[in-house]
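Each chain is listed here by its residues.
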Amino acid sequence: MSKSKTKYLFVTGGVTSSLGKGIISSSIGKLLTARGFSVTIQKLDPYINVDPGTMNPYEHGECFVTDDGAETDLDLGHYERFLNHNTSQANNVTTGKIYQTVIEKERRGDYLGKTVQIIPHITDEIKRRIQILGETQKFDFVITEIGGTVGDIEALPYIEAVRQLKWELSNNALFIHLTFVPFLAAAGELKTKPTQHSVKTLLESGIQPDILVCRTEHPLNYKVKNKVARFCNVNIDSVIESMDASTIYEVPLLMQKEGLDRVILKKLGLKSRKKINMQKWNSFLIALQNPKNEVRIAVVGKYVELPDAYKSISESILHAGAANLCKITVEWIHAEEVNKKNVKKKLSSINGLLVAPGFGDRGIEGKIIAINYVRKNNIPFLGICLGMQSAVIEFSRNVLKLKDANSTEMNQNTSNPVIDLMHTQKNITEKGGTMRLGAYKCKILKDSKSMKAYKKANISERHRHRFEYNNLFKDQLEKAGMIATGINIKNNLVEIIEIPQHPWFVGVQFHPEYKSTVDKPHPLFCKFIEASLIHKNT
Ligand code: GLN
């Protein structure tokens, strides 16, 4: 038996996908943190890609990037936003990573003489990855969310691995199963059968859930809870109702009300380290739900029909809205649909423009036209990564009059490559994990808008790109009024550009959206919203 002091919570999902395992895991993490425990959350993804970095957002939504440069599942964004704690490579495990490690070991001869099999070799590697966080970083709790739905073929090795782990960890582990209790309008009833079936599927794999979190659109009365408890072998206080909430940020409070954190502690024989403190969270929620003002922000990108593609951006906007006591109406505008004829119609009523990150040339001209409009009309602008690069292209074309100015990502033969492939990228041919990834330091110029936002000169932000601002054009751009206000001192890469003559025009090569949390809304987003509010009121 393991002597681990770390407690492991395994979160599985049944009945259907999209029940919100990530939000439930984050909410449990938040409540335990508020009770004085150290908590981290990990996601196990059953797909064979090594990471989601090579996947299209249509497949997988946003790719979230950690400080240590891991390209990960967007749920890690929720974990960070709820817990205000950095995740790392170890927080996202995929089948691709598991197999890669096992096959490398096999080639090295580590299993010499043996047949390498799913059990025990793949399951052992899964178990090792689950325990790394508890063992190396000594968390009180490691919450492990298992992607997919129980019964999926891909998830079987994970389910088997956690079954074994529970046996080894004994009282130091719990299974929390998230299911769905649908309301059948014709019968006028909540139906528990799908929950019974998904628990049965778990039982077939040797797992008895300790707690059931039941997602529902209607309150679960005593009778329904009792039925679920009886058929699924759990105590009635372990049947937790999870009603649809008006915002994901309400879920921790709903779970607290249902007693999910208390039942977890009770089952593990633990006492709360301190009286639960959700004061800051509550103030955030009150600010979010009681705005005093309203602004309209346009986000121009090429995946706007898919809300998950820009998850961290929309959450950062929301955090900054609450910080400014301001309701934000986001107008998602498809970059391919913006042209010179319609740009005024599309943007004249907005108070701020955010141009999103992206790859490839689809929609790039629409982004440039939108930026041209807000630059000329003094509308606040925040450009992120490709959004910043587009701002440099726009300024070069229309102010420096370099008509074919472009990024070599879009046109390799441009005579004015104002954005060009980074030197370090020139000989790279493999696509997976080879971008400039993770946190890099940046020094901010005095008196800039960025300095006013961050209130400090030295910052660190996360990156995910191959192309960069071309320093050969820096003198020209600065003389004409676009200033490089943030620089990576080590390699001289331009990280931030601004137009001081404009009320608020900031482009950043990095991704500030990965660092905005409920506890610490991101300063650039906050100032961008503040500037948009000023724009509205003048
Ligand atoms: N495609 C651009 C690059 O690779 C921008 C990337 C991004 O927006 N994340 O540099």
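Residues numbered from 1 in each chain as written. Predicted model: local features only at pLDDT ≥ 70, side-chain atom pairs only at ≥ 80, totals over all residues. Heavy atoms only, no water.

So, about the packing of helix α1 (residues 21-34) against helix α3 (residues 75-83). A pair of packed helices can be characterised by two numbers: the angle between their axes and the separation between those axes. Contact geometry of α1 with α3 gives a least axis separation of 9 Å together with a crossing angle of 25°. Here α3 runs roughly parallel to α1, going by the angle between their axes. As α1 runs across α3, the sense of the crossing is right-handed. Residues G22, I23, S25, S26, S27, G29, K30 and T33 of α1 form the contact with α3, whose participating residues are D75, H78, Y79, F82 and L83. Looking at the contact of α1 with α3 residue by residue, the class counts come to four nonpolar, seven polar and two charged. (Axes fitted to C-alpha atoms, helices over the stretch in contact; angles between N-to-C directions. Helix = DSSP H or I, 4+ residues; strand = E, 2+ residues; numbered from the N terminus. Parallel < 35°, antiparallel > 145°, perpendicular 65-115°, else oblique. Left-handed = near helix turned anticlockwise from the far one by under 90°. Contact = heavy atoms within 4.5 Å. Nonpolar A, V, L, I, M, F, W, Y, C, P; charged D, E, K, R; others polar.)

Aromatic rings considered in pairs are described by the distance between their centres and by the relative angle of their planes. If you walk through the whole model with that rule in mind, you get 14 aromatic pairs. Residues F10 and F175 carry aromatic rings whose centres are separated by 5.4 Å and whose planes lie at 40° to one another, so their mutual orientation is tilted. Of this pair, F10 sits in strand β1 (residues 7-13) while F175 sits in strand β7 (residues 173-180), and the two are 165 residues apart along the sequence. Here F10 falls in the buried class, since its relative accessible area comes to 0%. Consider the rings of F381 and F505, whose centres lie 4.5 Å apart with planes at 35°: the pair is tilted. Of this pair, F381 sits in strand β15 (residues 381-384) while F505 sits in strand β23 (residues 505-508), and the two are 124 residues apart along the sequence. (Phe/Tyr/Trp six-rings, centres within 6.5 Å; stacked < 30°, edge-to-face > 60°. Buried < 20%, exposed > 50% of the residue type's maximum accessible area, 1.4 Å probe, protein only.)

If you walk through the whole model with that rule in mind, you get zero disulfides. The thiol sulfur of C214 is not disulfide-bonded, and the nearest other cysteine sulfur, from C232, lies at 7.8 Å. Residue class for C214 comes out buried when judged on its relative accessible area of 0%. Residue C326 stays outside any disulfide, its sulfur separated by 11 Å from that of C526, the closest cysteine. (Disulfide = S-S within 2.5 Å.)

This brings us to the sheet that holds strand β2 (residues 39-45). Taken together, the seven strands give an open sheet; going across it, the order is β5-β2-β6-β1-β7-β10-β11, and neighbouring strands pair in parallel fashion. Two strands lie at the open edges of the sheet, namely β5 (92-94) and β11 (239-243), each paired on one side alone. Adjacent strand axes in the sheet meet at a mean angle of 20° when their direction is disregarded. Of the strands in this sheet, β2 and β5 touch helix α4 (residues 95-108), which is tilted by about 70° from β5. Along the sheet face, helix α5 (residues 118-137) touches β1, β2, β5 and β6 (141-146) and points at about 165° away from the line of β2. (Pairing = 2+ DSSP bridges.)

Every residue close to the ligand is listed here: P357, G358, F359, C385, L386, Q389, E409, R464, H465, R466, F467 and H511. At 3.1 Å from an oxygen atom of the ligand is found a side-chain nitrogen or oxygen belonging to Q389. A distance of 2.9 Å is found between an oxygen atom of the ligand and a backbone nitrogen or oxygen belonging to R466. Contact with the protein chains removes 99% of the 300 Å² of surface that the ligand exposes when unbound. (Near = heavy atom within 4 Å. Polar contact = N/O pair within 3.5 Å; in protein donor to acceptor, adjacent residues only side chain to side chain. Areas by Shrake-Rupley, 256 points an atom, 1.4 Å probe, with all protein chains shown as cover.)

To continue, consider the nonpolar core. In terms of nonpolar packing, the biggest core is built from 43 residues, with L9, I28, F141, I211, V213, L260 and I264 touching the most fellow members. Core analysis: the next-biggest nonpolar cluster, separate from the first, contains 42 residues, I350, L402, A405 and V494 among them. (Core = buried A, V, L, I, M, F, W, Y, C linked by side-chain atoms within 4.5 Å.)

The pairing of strands in a sheet comes from backbone hydrogen bonds and takes either a parallel or an antiparallel form. If you trace the nine strands from one edge of the open sheet to the other, you get β13-β12-β14-β15-β23-β22-β21-β18-β19, paired in mixed fashion. In the strand order of this sheet, the two ends are held by β13 (326-334) and β19 (458-465), each with one partner. Each adjacent strand pair in this sheet contributes to an overall mean axis angle of 25°, direction not counted. In this sheet, β23 lies alongside strand β22 (residues 493-498) in antiparallel orientation, the contact comprising three bridges. Looking across to β23, one finds that I496 is bridged to V508. In this fold helix α18 (residues 523-537) packs onto β12 (293-301), β13, β14 (352-355), β15 and β23, with an angle of close to 115° to the strand it touches most, β12.

What follows concerns the environment of N411. Examined against the element boundaries, N411 turns out to sit in the loop between β16 (406-407) and β17 (417-421). Its relative accessible area of 27% is what places N411 among the partly exposed residues. The spacing of N411 and D361 is 50 residues in sequence and 8.7 Å in space, taken between C-alpha atoms.

Moving on, we come to helix α11 (residues 279-289). When α11 is considered as a whole, its buried residues turn out to be W281, F284, L285 and A287. Relative to the axis of α11, the buried residues are bounded by an arc of 160° and lie together on one face. In α11, the exposed positions angled more than 90 degrees off the buried face are occupied by Q279 and I286. Those residues of α11 that are buried lie in contact with α1, α3, α9 (251-258) and α12 (311-323). (Arc of directions from axis to C-beta.)

A cluster of like positive charges, contributed by K193, K200, K223 and K227, occupies part of the molecular surface. Elements that contribute at least two residues to the positive patch include exactly α7 (193-204) and α8 (222-232). Inspection of the secondary structure assignment puts K193 in helix α7. (Patch = residues over 30% accessible without salt bridge, like charges linked within 9 Å, V, L, I, M, F, W, Y side chains within 5 Å. Salt bridge = Lys/Arg side-chain N within 4 Å of Asp/Glu carboxyl O. Lys, Arg positive; Asp, Glu negative; His and termini not counted. Charge placed at Lys NZ, Arg CZ, Asp CG, Glu CD.)

Now for the environment of K401. Here K401 shows up in the loop between α15 (386-398) and β16. Given the relative accessible area of 54%, K401 is considered exposed. Of note is the side chain of K401, whose polar atom sits 3.0 Å from the backbone oxygen of N398.

Buried residues of α9: V251, P252, L253 and M255, and no others. Of the surrounding elements, those touching the buried residues of α9 are α1, α3, β10 (211-216), β11, α10 (260-268) and α11. Positive backbone phi, at 85°, marks G259, one or two positions downstream of α9.

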